[in-house]
Amino acid sequence: MTDLKVTLIRSVAHRLPNQKKVVKALGLGRVSSTAVLPDNAATRGALMKIAHLISVEEINK
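We now turn to the structure provided with this report. (Residues numbered from 1 in each chain as written. Predicted model: local features only at pLDDT ≥ 70, side-chain atom pairs only at ≥ 80, totals over all residues. Heavy atoms only, no water.)

Taken together, the buried positions of helix α1 (residues 17-25) are occupied by Q19, V22 and V23. With its buried residues spanning 100° around the axis, α1 presents them on a single face. α1 presents P17, K21, K24 and A25 as exposed residues on the side facing more than 90 degrees away from its buried surface. Downstream of α1 by a residue or two, G27 has a phi angle that is positive, lying close to 90°. (Buried < 20%, exposed > 50% of the residue type's maximum accessible area, 1.4 Å probe, protein only. Helix = DSSP H or I, 4+ residues; strand = E, 2+ residues; numbered from the N terminus. Arc of directions from axis to C-beta.)

The structure is reproduced here in structure tokens:
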């Protein structure tokens, strides 16, 4: 099983409201904040909406 380490690398200021909501729902707050999320279809779909704002690394358990 793998998890995804997601880091916010760009600010959400001046972004679309739905992109701001996705960032907050994933548990990311400020730039450089990091969250470890499960690797599933729902998470991957949310990450695709904000792919230009984040960096993603796979973590093997």
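To continue, consider helix α2 (residues 41-49). When α2 is considered as a whole, its buried residues turn out to be T43, A46 and L47. Looking straight down α2, one finds its buried side chains confined to an arc of 100°; they lie on one side. Along α2, the residues that are exposed and aim more than 90 degrees away from the buried face are A41 and M48. Residues of α2 that are buried make contact with β1 (2-8), α1, β2 (34-38) and β3 (54-60). The opening residue of α2, the one whose side-chain oxygen lies 3.2 Å from the backbone nitrogen of A42, is N40. (Contact = heavy atoms within 4.5 Å. Polar contact = N/O pair within 3.5 Å; in protein donor to acceptor, adjacent residues only side chain to side chain.)

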